[in-house]
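Residue-level structural notes
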Amino acid sequence: MPRLFFTDQNGCGAKMRKRGQCIEIFIVWTSLLPSHLHNLHFRSVGTRLPLVRRACHTQVMATLVPSWPDLGALPTPLTAGEAHLLAFLERDLGPEWEVFAQPYLNGTRPDVVALHPTRGALIVEVKDWALDCYSWDRGERAWRVRGSHGEGHVQNPFEKVDFYRENILRFLVPEVGALVREQGWGALGVVRVGVYFHGASAARVARFTGGRVHRAVWQLGQDSLVPGAAERWVGRGDRVPAQFAPLLRAWLNPPLHAAEQQAPLRLSRAQEGLAVPSPGCMRVRGVAGSGKTLVLAARAARVALAGRRVLVVSFNITLWHQLRDGVRRAGGGAALKNVTFVHFHGLASTLGTEAGLTWEECGRDPAVLVRRAAAQLGVSFDAVLVDEAQDLEDAWGEALLALVRDGGQFVAACDELQNVYGRRGGWLSAGRFGRWRELRSSVRLHDDVVRWANAFARAFLPGVGLLAERDQPMLPLGAPELRWLDLPSREAALEALVARARELRHLGAQATDIALLVPDHAFGLALVARLEAQGLQVNHVFTENQADKRQKYAFWMGDARLKACTVHSFKGWEARHVVAVLETAGALSEPQAMLAFTAITRAQGSLTVLNLSEHFQGFPALVGVQAAPQGAA
């Protein structure tokens, strides 16, 4: 008969039967005090554990987050396997380690995460499964499970932990992911992963997987939890970048108070009116630099601080950092714990992974994947807030609308002049959203940049969207320097781009304040090669394989290097100094003109346009605006 078994560190234990019920729990007294267990519930028991008081040996252990008395408040009660593994890691890892139980990791909840300041992280998925009821057919990704109601599929837990690792290095801590690639460190040494099967031995797990699991992924059974084992799982190297632990900890356990963050979020009167949470659907259109992203961040923080779940979505992969920073500034860590930040295709991948669905099963359609996975998982939100909503296809917008709970709120922020993908926007209908709410004043752009942008829009995008009113009370910058150069070739543009970057640095501009915007990845890779040959380090998005998005995940405005990016990927961002290359192919299309407009409106201060398009030649003189005399940036 299964029994409740308490032991001390020497293995001496006391057995306890509980009225014929089946209890399978093993507790090590060196890591669990009776007071720890007082309010702890287990899914497999369904009742409070009886207390057995024994003398305990004092031992310096890892820090458990949350602490044992608070574990009963987790959204999902601990399984016996999770509790057993937590107790083991708390005892087996040293005092510099933090062990997190079911941490909220931007919309996902790994079972157990251990973090060390210099040795990286360990993520373990815990399964209290009887493996005799499971099978894994050759060539299949999902596992089969047999039960009293027949046979079904479950997600492969090894794929799940590998997704967690990739999600951390690509999305949550991309700065370190980029360093891992650039400096040749193995990603497996920064974030190690494993799956622990509480009801099986390590040998049984190995027989089940049959050599189909990568050797870098730990396959753990109950007999794997022996003294010193956890130290082997995480390795002993100290090559993990110093910034990794603080950055990941900010996701696992963010600081609670907004006062701990820099630069508290400030809103204008117009922005404040749109940041007040209210149920229903609202569409907001604003000019470039009007603070649409700030409005969404402030609103997300207020909904989250009320204890509600919020989903913040952008189409642009590189934009999520800015949205998260805004929410952190507005509401601190308490808000971050209730907000999920994601770009649309990332949302599809995350939900699909959690639901065990593949892109192929959904016809590689992200809207279908979001809908099916959300329905299967029962995922919904009290608020869904979408930035750059004009970039979404209609089916994508409809899939996001379906995620809002009854009585919830949905806000879509747009700029029609930046519809660079030419989307129809039918999902943003007046019948559903009502009238447009508007932000007409540009609080980010200097008056001179606004004058250029409005003149460009009148000349090449007549009658499209809103023109900015010149008003920047929040922008403490001096008059910018504006340059426009018509150039004959890409080679001339490359030379001018490198020369301007060097000039800005020579004049005292910080590298982190300079953004170089180019038409495509081939141009960008050539630019990066020339800059790095001259000793200028660059944070960029460019790859030879454009299906590889890792560089975009690592693009972050807080990085100290020069920024180099396509205009598409820089939508929603801005920089103190912008140097942009404009190029068009064939007859001028509206999306091409919108892309050029977007490039012009990224500059907070100096703006240099290197024009290769015959359609835009002589723009300043053509529309009666003048570039400022060349001088100090």
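Here, the structure is the one placed above.
Residues numbered from 1 in each chain as written. Predicted model: local features only at pLDDT ≥ 70, side-chain atom pairs only at ≥ 80, totals over all residues. Heavy atoms only, no water.

1. Here's the deal with empty space enclosed by the protein
According to the stated counting rule, one finds three cavities of 30 Å³ or more in the structure shown. Taken together, 13 residues make up the lining of the largest cavity; nearest its centre are Val287, Ala288, Asn454, Ala468 and Phe597. At three residues, the largest contribution of residues to the lining of the largest cavity is made by helix α16 (residues 447-460). (1 Å grid on protein atoms, 1.4 Å probe; cavity = no way out; pocket = protein on both sides within 12 Å on 5 of 7 lines; lining within 4 Å. Points joined across faces, edges and corners; volume = space filled by probe spheres on them. Helix = DSSP H or I, 4+ residues; strand = E, 2+ residues; numbered from the N terminus.)

2. Remarks on the sheet that holds strand β26 (residues 603-611)
The strand order across the open sheet formed by six strands is β21-β26-β25-β22-β24-β23, and the pairing between neighbours is parallel. Here the strands that pair on one side only, and so sit at the sheet edges, are β21 (482-486) and β23 (538-540). Taken over all neighbouring pairs, the strand axes of this sheet differ in orientation by 20 degrees on average, direction set aside. In terms of strand pairing, strand β25 (residues 575-582) meets β26 through seven bridges, oriented parallel. Paired with valine 578 across the two strands is leucine 607, which belongs to β26. The sheet contacts of helix α18 (residues 521-533) involve β22 (514-518), β23, β24 (562-566) and β25, and relative to β22 the element is tilted by about 140 degrees. (Pairing = 2+ DSSP bridges. Axes fitted to C-alpha atoms, helices over the stretch in contact; angles between N-to-C directions. Contact = heavy atoms within 4.5 Å.)

3. Notes on the packing of helix α10 (residues 292-305) against helix α11 (residues 320-336)
Orientation of α10 relative to α11, taken along the N-to-C sense of each, is 25 degrees, at an axis distance of 8 Å. By the criterion of interaxial angle, the relationship of α10 to α11 is roughly parallel. Crossing hand, α10 versus α11: right-handed. Contacts between α10 and α11 pair Thr293, Ala297, Ala298, Ala300, Ala301, Ala304 and Leu305 from the former with Gln322, Leu323, Gly326, Val327, Ala330, Gly331, Ala334 and Ala335 from the latter. Each residue belonging to the contact of α10 with α11 can be placed in one class, and the counts come to eleven nonpolar, four polar and no charged. (Parallel < 35°, antiparallel > 145°, perpendicular 65-115°, else oblique. Left-handed = near helix turned anticlockwise from the far one by under 90°. Nonpolar A, V, L, I, M, F, W, Y, C, P; charged D, E, K, R; others polar.)

4. Regarding the pairing of strand β7 (residues 120-127)
Summarising burial for β7: eight of the eight residues are buried, a large majority. With five bridges connecting them, strand β6 (residues 112-116) and β7 associate as antiparallel partners. Directly across from leucine 115, in β7, lies its bridge partner alanine 121. (Buried < 20%, exposed > 50% of the residue type's maximum accessible area, 1.4 Å probe, protein only.)

5. Thoughts on the packing of helix α13 (residues 366-377) against helix α14 (residues 394-401)
Running from N to C, α13 and α14 cross one another at 15 degrees; their axes reach a closest spacing of 8 Å. On the basis of their axis angle, the class for α13 and α14 is roughly parallel. Considering only the axes of α13 and α14, their crossing is left-handed. On α14, the residues that touch Pro366, Ala367, Val370 and Arg371 of α13 are Ala395, Trp396, Glu398 and Ala399. For the contact of α13 with α14, the residue count by class is six nonpolar, no polar and two charged.

6. Brief notes about the sheet that holds β6
What the six strands build is an open sheet, ordered β4-β5-β6-β7-β11-β12; its pairing is mixed. Strands at the two margins of the open sheet, each flanked by one partner only, are β4 (63-65) and β12 (217-221). The sheet shows a mean angle of 20 degrees between the axes of neighbouring strands, taken without regard to direction. Against the sheet, helix α6 (residues 202-209) makes contact with β11 (191-197) and β12, and its axis sits at roughly 130 degrees relative to β12, the strand it touches most. Strands in contact with helix α8 (residues 244-252) are β5 (98-101), β6, β7 and β11; relative to β6, the strand with the most contacts, it is inclined by about 145 degrees.

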